[in-house]
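Analysis of the macromolecular model
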Amino acid sequence: MTSSGSLLRAERVTLGYGRTPVVHDVTLDITGGGVGLIGESGSGKTTLARAFLGLLTPMSGNILYGDQNLKKVDMRRFRGDVQPVFQAEALDPRMRVGRSVAEALPRDARHRVPELLEQVGLDPALASRRPHQLSGGQRQRVVIARALAVNPKLLILDEPTSALDVTVQARILDLIAGLAAERLLITHNLAVVGKLCRTSHVLFAGRVVESGPTADLLARPAHPYTLALRDAVPKLGGEPPVARGRAEVRPAETGCPFRPRCPMAVTECDRAPALRDLGGHQEGQDGRRVACHRAEDVLREPSARR
Amino acid sequence: MIEVRDLRVSYGGRVVAKVPELDVAPGECVAIVGESGSGKSTTLLALLGLTEGAEVGGRIRVAGVDVTSASPAELRAIRGARVALVMQSPQAALSPTLRLGTLMRRALRLHGVGDAERVMAEAVEAVLLDPAILRRYPHEVSGGQAQRFAIALAIALGAEAILADEPTSALDVTVQAEVVAVLRTLCAERGLALLLVSHDLALVSTIAHRVLVMRAGEVVESGPAGRVLSEPSHPYTRELLEALP
Amino acid sequence: MSALPEAAPLRRTLPRVTDRFALAGAVLIALIALAALLAPWLAPHPPDEVDPFAALRPPDAAHWFGTDAAGRDVLTRVLYGGRTSLFIAVTVLAVSATTGVLLGVVAGYAGGWVRDVIMRITDVFLAFPALLLSVALAVVLQPSVTTVIVAIAVTWWPWYARLSASMAASIATRPYVDAARCLGVPAPMIILRHVLPNSLTPVLVQVSLDGGGVILTAAALSYLGLGAQEPTAEWGLMVEQGQSLFTTNWWVVTFPGLAILLTAFAFNVLGEGLRNALDPRRIVK
């Protein structure tokens, strides 16, 4: 851990496949207490996760592990410290799940497979099954057991529960919350972030548009996109959502990317807004940052307050 | 529109869905809530006589047709034209080589709907789609657009009821909100009967008038949405509510 | 919307028919292979037994398929010829599929310049018409069964390389491969453990479909005098020798010709059946 308390840091990172960038100039720290990365499909959240895992080399910028550039880090040590938890599909369909877990263990520690399965609440007898013989929740537990095998310090969880039934999802989230490792949680589900992450970042079209303490971020969104995301989540017995038919309008190439969808866009938004500090003066509001020219107006919107 | 009594669907003697009573009136939205394996999708398919290889017992009346005794021709006549089925990923059901407009035009001709261009324009507008979408191919549109197109197709064909199976669970929340709003408006303003199958209680609570909660093939609780979701009487309903993140 | 319901029942009944198809192909090939293997016991005469006095006899009780110009029993030579033809087919497929799959999987998984180099090499081989390249090679080398095997294998492997490269490239992006990389599993292990087993299915189908093609190509080479040489019994060679006699002694060319046709057909049936039986759309559900 560095002096800044960051386990892993993306520094002005631009990422893409081929020559097309999908993540633009993102700076983001994974700090303690859980970090959430919120975004919808196409926001670049999974691409960013792959860069944090050292699976994708940035087109520009750096991933820092501790004080060191990931390019120069001893990858053996890094792999032991940082592990992914992907969706339940992250198991080889042809491999017995016990072997999948054993793959994570050194040869002389294979006997720990039953113990690891028990640790995630699975019957060790399931080790001889193949993934399709397990339920979605059981598969997700295997994925977690596999990641835990190396005793990682940091888990990078990419939509770990989105394919599961609600009751199963709740149990998997409890399991994740009880793990000792730190976490970066990538999800489209705002409610999940609220439970598991002290800090959150909202990603839109490959850019961080807002970040800050999760509770305050969700209580007082300062970016119109965060506001739209929060209000689109159906709430039990809540008001039905309003349709505008704009959610699938393409992000703008220049200026503020959210502008084509934004109900509050003005001429000023032709200029791309930089991520700036949002003056928060009460406890729990420090560290709020937003990339919107009209953030102060968004905060004054009556619908933005909860 | 939809009237079900003592429905029993079984495969080889194993009962997978039992629904004692299910009614959906025009302009009403009824939701079947449950997790995977609860029999909720099976129930929906049974209403259109689509449970291949299953023994279906009980009385099912949909759009005035007795589904259990109807001939294949009678069933085809109500499917699509009077009762539309909306699936989780409609793109799979759209022919990949046809532009959406061509597809809709052909469907309208097949069901003998006149003044196709006007009907199409109206239907597309009702679901908040840009008319330009009719010139696109299925792979060129997003999931939310494809889902709304499927609904537009139902409206254009003059459907009186929509049966929707997890219509928004593959979509982003912002897109889901729009699809749900479209369905709601159609219910309220066009008197469409909507039967919605979903695992998402919160979503259901914002749109459904009445709710059936299913578990392992049985209806464990049913009633007005407001009451079931605020004062659940069955422990499973409570468990579902508590599991909401 | 109305399209989906109609399609559902179809998908349920079709696979059963196609599984039977695959089974029929497999049984047919097994029978042919068994007949070839057991030729020494099944054949009514020794394969090289020349009897000038019994030359060009039409089929009768002693020689079911008749005799050829040298008085050899055609049935015997068809059975023994099956050994040569099937040996060629199996060896060619084994060599070219192994080479092609290994190179293809490495290319597909590694990507970048590794893929570029391997794929350019395969492109060079694919640029020549397969039969022409085989013929050229067979002319340069001494005509023999080995020559036929080398000549065909050289033109055959690039197809497997291409097929498995595209499969491997798609498997390489699956989360379970990423997960293995995050565990620090070395690339060769990832390829062997995860990428190879999961990209084999389409190659298996292609191999069975190609069985017939190899037999036909081998027969063509022998027919051109570039493959098996007298007195080896080989179907293509037998057709070559018998063709001029077709109008007068039809049986000399017809029975080996039918054997080629039947075997090629059996491989195709197996391939088509496997293709449908292993269809991912069926496995997904």
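Residues numbered from 1 in each chain as written. Chains lettered and ligands numbered in written order. Predicted model: local features only at pLDDT ≥ 70, side-chain atom pairs only at ≥ 80, totals over all residues.

To continue, consider the overall build of chain C. A count of helical and extended segments in chain C gives 11 helices and 0 strands. Ordered by position in the sequence, the α and β elements of chain C form the string α-α-α-α-α-α-α-α-α-α-α. Projecting the C-alpha coordinates of chain C onto the three principal axes gives extents of approximately 75 × 50 × 35 Å. When each of the 285 residues of chain C is scored for burial, the buried share is 44%. Across chain C, every contact between residues at least 6 apart in sequence was considered, and the portion connecting residues at least 24 apart equals 71%. (Helix = DSSP H or I, 4+ residues; strand = E, 2+ residues; numbered from the N terminus. Buried ≥ 20, exposed ≤ 12 C-beta atoms within 10 Å, placed from the backbone. Contact = placed C-beta atoms within 7 Å.)

Take the packing of helix 8 (residues 187–223) of chain C against helix 10 (residues 251–277) of chain C next. Residue and element names in this part refer to chain C. In contact at an axis separation of 7 Å, helix 8 and helix 10 are set at 165 degrees when each is read in the N-to-C sense. As judged from the angle between their axes, helix 8 and helix 10 are roughly antiparallel. Both helix 8 and helix 10 take part in a crossing whose hand is left-handed. Here helix 8 contributes L204, V205, S208, L209, G211, G212, I215, L216 and A219 to the contact with helix 10, which in turn contributes I260, T263, A264, F265, F267, N268, L270, G271, L274 and R275. Of the residues in the contact of helix 8 with helix 10, the class split is 12 nonpolar, 6 polar and 1 charged. (Axes fitted to C-alpha atoms, helices over the stretch in contact; angles between N-to-C directions. Parallel < 35°, antiparallel > 145°, perpendicular 65-115°, else oblique. Left-handed = near helix turned anticlockwise from the far one by under 90°. Nonpolar A, V, L, I, M, F, W, Y, C, P; charged D, E, K, R; others polar.)

All names here are of chain A. If you walk across this open sheet you meet the 4 strands as 2-1-4-5, and the pairing is antiparallel. Lying at the two open borders of the sheet, with one neighbouring strand each, are strand 2 (20–31) and strand 5 (68–69). Both strand 1 (residues 6–17) and strand 4 (residues 60–65) contribute to a ladder of 5 bridges, which runs antiparallel. Paired with L8 across the bridge in strand 4 is Y65. (Pairing = 2+ DSSP bridges.)

Our next topic: the pairing of strand 3 (residues 35–38) of chain A. Residues and elements named next belong to chain A. Burial along strand 3 is two-sided: V35 and L37 facing one way and G36 and I38 facing the other are all buried. Across 4 bridges, the pairing between strand 3 and strand 8 (residues 182–187) is parallel. For G36, the partnering residue across the bridge sits in strand 8 and is L185. Sheet topology places strand 3 next to strand 9 (residues 199–204); 4 bridges connect them, and they run parallel. Paired with L37 across the two strands is H201, which belongs to strand 9.

Let us now look at the sheet that holds strand 8 of chain A. With mixed pairing, 8 strands are arranged side by side in an open sheet as 6-7-8-3-9-10-12-11 (chain A). The sheet terminates laterally at strand 6 (82–85) and strand 11 (276–277) of chain A, the two strands that pair on one side only.

The next thing to look at is the interface of chain B and chain A. Contact with chain B, which involves 32 residues of that partner, is made by 30 residues of chain A. Sort the elements by how many residues they give to the side of chain B that touches chain A and helix 6 (residues 173–190) of chain B lands first, with 10 residues. Classifying every residue of the side of chain B that touches chain A by side-chain character gives 16 nonpolar, 10 polar and 6 charged.

So, about the environment of V266 of chain A. Locating V266 of chain A in the fold gives a position in the loop between helix 9 (224–232) and strand 11. Measuring from C-alpha to C-alpha, the distance between V266 of chain A and L64 of chain A comes to 37 Å, with 202 residues separating the pair along the chain.

A regular strand places its side chains so that they alternate between the two faces of the sheet. All names here are of chain B. Most of strand 3 (residues 29–33) is tucked away, with 5 of its 5 residues classed as buried. In strand 3, alternate side chains face the same way, and those of C29, A31 and V33 on one face and V30 and I32 on the other are all buried. Taken together, the 5 bridges between strand 3 and strand 8 (residues 193–198) define a ladder with parallel strand orientation. Within the sheet, the bridge partner assigned to V30 lies in strand 8 and is L195. Bridge count between strand 3 and strand 9 (residues 210–215): 4 bridges; the pairing is parallel.

Now for the interface of chain C and chain A. With 13 residues of chain C in contact, the opposing surface of chain A contributes 17 residues. For the side of chain C that touches chain A, the secondary structure elements donating two or more residues are helix 7 (175–182) and helix 8 of chain C. When residues of the side of chain C that touches chain A are assigned to their parent elements, the largest contribution, 7 residues, is made by helix 7 of chain C. Each residue belonging to the side of chain C that touches chain A can be placed in one class, and the counts come to 8 nonpolar, 3 polar and 2 charged.

Residues and elements named next belong to chain C. Residues annotated in UniProt with the feature "transmembrane region" (unreviewed entry) correspond here to residues 21–43, 86–112, 124–157 and 250–271. The span residues 124–157 carries 82% helix and 0% strand; its end-to-end C-alpha distance comes to 12 Å. Along residues 250–271, the helical share is 95% and the strand share 0%, with 32 Å between the first and last C-alpha atoms. (UniProt positions renumbered as here; feature names shortened; annotations may be inferred.)

Quick look at helix 4 (residues 116–126) of chain B now. Helical periodicity: at 3.6 residues per turn, an α-helix aligns residues three or four positions apart in one direction. All names here are of chain B. Looking at helix 4, one finds that the buried residues are M120, A123 and V124. Seen end-on, helix 4 carries its buried residues on one side only, within an arc spanning 95 degrees. If you follow the buried residues of helix 4, they end up packed against helix 3 (100–110) and helix 5 (143–156). Positive phi shows up at L128, right after helix 4, with a value of about 60 degrees. (Arc of directions from axis to C-beta.)

As a further point, take helix 3 of chain B. Residue and element names in this part refer to chain B. Among all positions of helix 3, only L100, M104, A107 and L108 are buried. For helix 3, the angular spread of the buried residues around the axis is 100 degrees, confining them to a single face. With respect to the buried face of helix 3, the exposed residues turned more than 90 degrees away are R109 and L110. In the stretch just after helix 3, G112 is the one whose phi turns positive, near 65 degrees.

A separate point is the UniProt feature "domain: ABC transmembrane type-1" (unreviewed entry) in chain C. Here the UniProt-annotated "domain: ABC transmembrane type-1" (unreviewed entry) positions come out as residues 82–271 of chain C. Taken end to end, residues 82–271 of chain C is 83% helix and 0% strand, and its first and last C-alpha atoms sit 20 Å apart.

Moving on to the environment of V140 of chain C. With respect to the element layout, V140 of chain C can be found in helix 5 (residues 130–140). Using a count of 9 C-beta atoms within 10 Å as the deciding quantity, one classes V140 of chain C as exposed.

Bringing the confidence of the model for chain A into the picture now. Across chain A, the average pLDDT comes to 89, with 94% of residues at 70 or higher. When mean pLDDT is compared element by element in chain A, strand 9 of chain A scores highest at 96, while helix 7 (residues 190–196) of chain A scores lowest at 87. (pLDDT = per-residue confidence, 0-100.)

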